[in-house]
Amino acid sequence: METLAMHISNGIIDGPVAAIFAALALAALTVCVLRGRRDLDDRLAPMAGLVAAFIFAVQMLNFPIFTAGVSGHLLGGALAAMLVGPWVGALCVAVVLVVQALIFGDGGVAMLGLNITNMALLGTAAAYVLIAVLLRVLPRTRAGLAVTAFVAATLSVVVASQGFVLQYWLGGTTDLGNNLTGLAGTMAGVHLLIGIGEGLITATTVLTVAKVRPDLVYALRSLRTPAAPAAPAVPVAGGAR
């Protein structure tokens with residue numbers, strides 16, 4: 001069993017648990033659609049398409065984790081949350097996962113609910129919570145934005161990996177005995193390293209967008225510092241156009 005794979009393959013989790021998470025994922029995505037429609041405007045709608053396409057493209061590029069003997073790739077939850085918000089961001093990642101499963105066989109089709117729950121829902125939600133906290137306590141500078149993106153991306157990957165541990169505890173098809181704690185630790189350790197790579201990609205991408213068009217960064221528009229609501233989101237060159 002590939003216990004380190006975030007894209008869960010068919011047969012790793014039993015059918016009933018997979019069905020339950022499929023229903024949960026469908027319900028959560030329905031909420032995302034309803035809430036995301038409130039955010040969609042002339043800026044966010046095309047940006048959502050670009051974010052989904054970017055995540056899809058970058059997920060095809062794996063980077064090696066030499067210390068663990070595995071490779072990782074961008075999950076995209078933090079990047080999507082930063083640029084298009086948690087509701088639309090979760091939908092972007094979910095669309096990417098569906099296309100990957102149906103066309104490229106990356107993750108089992110029967111396990112889609114599990115994979116969407118972990119990467120599109122848990123990963124994006126954890127990232128946005130961290131973003132909301134960090135943008136309110138860190139200085140509104142490029143360095144503060146970079147640290148926010150990096151930390152949110154890194155830790156969101158670890159959170160997503162623990163979603164798999166919970167799912168395996170509920171319906172794993174191989175008996176691990178009392179080694180579930182070991183599985184959780186291994187998943188966390190490996191995905192922390194993968195998260196560092198994701199953090200670097202996310203921070204670089206968000207800073208690039210913010211430098212040219214800070215008005216396109218959802219987090220900068222929506223998460224304001226209470227003490228200085230009139231201050232610019234981030235002091236970068238270019239500005240809104």
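Residues numbered from 1 in each chain as written. Predicted model: local features only at pLDDT ≥ 70, side-chain atom pairs only at ≥ 80, totals over all residues. Heavy atoms only, no water.

**A few points about the environment of Leu192**
- Within the fold, Leu192 resides in helix H7 (residues 180–212).
- In this structure the C-alpha to C-alpha distance between Leu192 and Ser161, which are 31 residues apart in sequence, comes to 9.3 Å.
- Residues contacting Leu192, with those up to four places away along its chain left out, are Thr154 and Val158. (Helix = DSSP H or I, 4+ residues; strand = E, 2+ residues; numbered from the N terminus. Contact = heavy atoms within 4.5 Å.)

**Describing a nonpolar patch on the surface**
- Together, Met60, Leu61, Leu102, Ile103, Phe104 and Val109 make up an exposed nonpolar region whose accessible area comes to about 640 Å².
- The topology assignment puts Met60 in the loop between helix H2 (44–59) and strand S1 (63–65).
- For Met60, a relative accessible area of 40% translates into the label partly exposed. (Patch = residues over 30% accessible without salt bridge, like charges linked within 9 Å, V, L, I, M, F, W, Y side chains within 5 Å. Areas by Shrake-Rupley, 256 points an atom, 1.4 Å probe, with all protein chains shown as cover. Salt bridge = Lys/Arg side-chain N within 4 Å of Asp/Glu carboxyl O. Buried < 20%, exposed > 50% of the residue type's maximum accessible area, 1.4 Å probe, protein only.)

**Describing the environment of Arg221**
- Checked against the element boundaries, Arg221 lands in helix H8 (residues 218–222).
- According to the relative accessible area criterion, Arg221 is buried, its value standing at 18%.
- C-alpha separation for the pair Arg221 and Gly85, spaced 136 residues apart in sequence, amounts to 10.0 Å.
- Within polar-contact distance, the side chain of Arg221 engages the backbone oxygen of Asp215 at 2.6 Å. (Polar contact = N/O pair within 3.5 Å; in protein donor to acceptor, adjacent residues only side chain to side chain.)

**Re the pattern of salt bridges**
- The full count for this structure, using the stated rule, is two salt bridges.
- Here Asp215 and Arg43 are joined by a salt bridge, their closest N and O atoms 3.9 Å apart. Taken as a pair, Asp215 in the loop between H7 and H8 and Arg43 in the loop between helix H1 (15–39) and H2 lie far apart in primary sequence, 172 residues in all.
- Classification of Arg43 as partly exposed rests on a relative accessible area of 33%.
- The salt bridge partner of Arg213 is Asp215, with a shortest N-O separation of 2.8 Å.
- On the accessibility criterion, Arg213 (22% relative accessible area) is partly exposed.
- A single network of salt bridges, built from pairs that share partners, joins Arg43, Arg213 and Asp215.

**What about the nonpolar core?**
- Val51, Ile55, Leu83, Val84, Ile116 and Ile131 are the most contacted members of the largest nonpolar core, which has 55 residues in total.
- Sorting the residues of this core by element identifies H1, H2, helix H3 (77–84), helix H4 (86–104), helix H5 (112–137), helix H6 (142–171), H7 and H8 as the ones contributing at least two each.
- At 10 residues, the largest contribution of residues to this core is made by H5.
- If sequence neighbours within four positions are ignored, Val84 has contacts with Leu44, Met47, Ala48, Val51, Gly89, Cys92 and Tyr218.
- Listed in part, the 14 residues of the second largest apolar core include Phe164, Tyr168, Ala184 and Met187. (Core = buried A, V, L, I, M, F, W, Y, C linked by side-chain atoms within 4.5 Å.)

**Brief notes about H3**
- Burial within H3 is extensive, with eight of its eight residues counted as buried.
- Among the residues making up H3, those that are buried are Gly77, Ala78, Leu79, Ala80, Ala81, Met82, Leu83 and Val84.
- Against the buried residues of H3 lie H2, H4, H5, H6, H7 and H8.
- Positive phi appears at Gly85, one or two residues downstream of H3, with a value of about 90°.

**With respect to the packing of aromatic side chains**
- Within the structure shown, the criterion is met by three aromatic pairs.
- On the basis of an interplanar angle of 55° and a centroid distance of 6.4 Å, the ring pair of Tyr128 and Tyr218 is categorised as tilted. Residue Tyr128 is located in helix H5, and its partner Tyr218 is located in helix H8; the two are separated by 90 residues in the primary sequence. When sorted by exposure, Tyr128 lands in the same class as Tyr218, which is buried. (Phe/Tyr/Trp six-rings, centres within 6.5 Å; stacked < 30°, edge-to-face > 60°.)

**Quick word on the side chain of Asp215**
- The exposure class of Asp215 is buried, given its relative accessible area of 10%.
- A polar contact is formed between the side chain of Asp215 and the side chain of Arg213, at a distance of 2.8 Å.

**What to know about the confidence of the model for the protein chain**
- Of all residues in the protein chain, 85% have pLDDT values of 70 or greater, and the mean over the chain is 85.
- For residues 226–231, every residue scores under 50 in pLDDT, and the model assigns this stretch zero contacts once sequence neighbours within four places are set aside.
- Counting interchain partners and residues more than four positions distant, the pLDDT-below-50 stretch residues 236–241 has 18 contacts. (pLDDT = per-residue confidence, 0-100.)

**Considering H5**
- Between its first and last C-alpha, H5 extends 36 Å over 26 residues, near the 38 Å set by a 1.5 Å rise per residue.
- Residue Leu122 marks the point of greatest curvature in H5, where the axis turns by about 30°.
- In terms of burial, H5 is largely enclosed, as 19 of its 26 residues are buried. (Expected span 1.5 Å × (residues − 1). Bend = angle between axes of the 7 residues up to and from the residue.)

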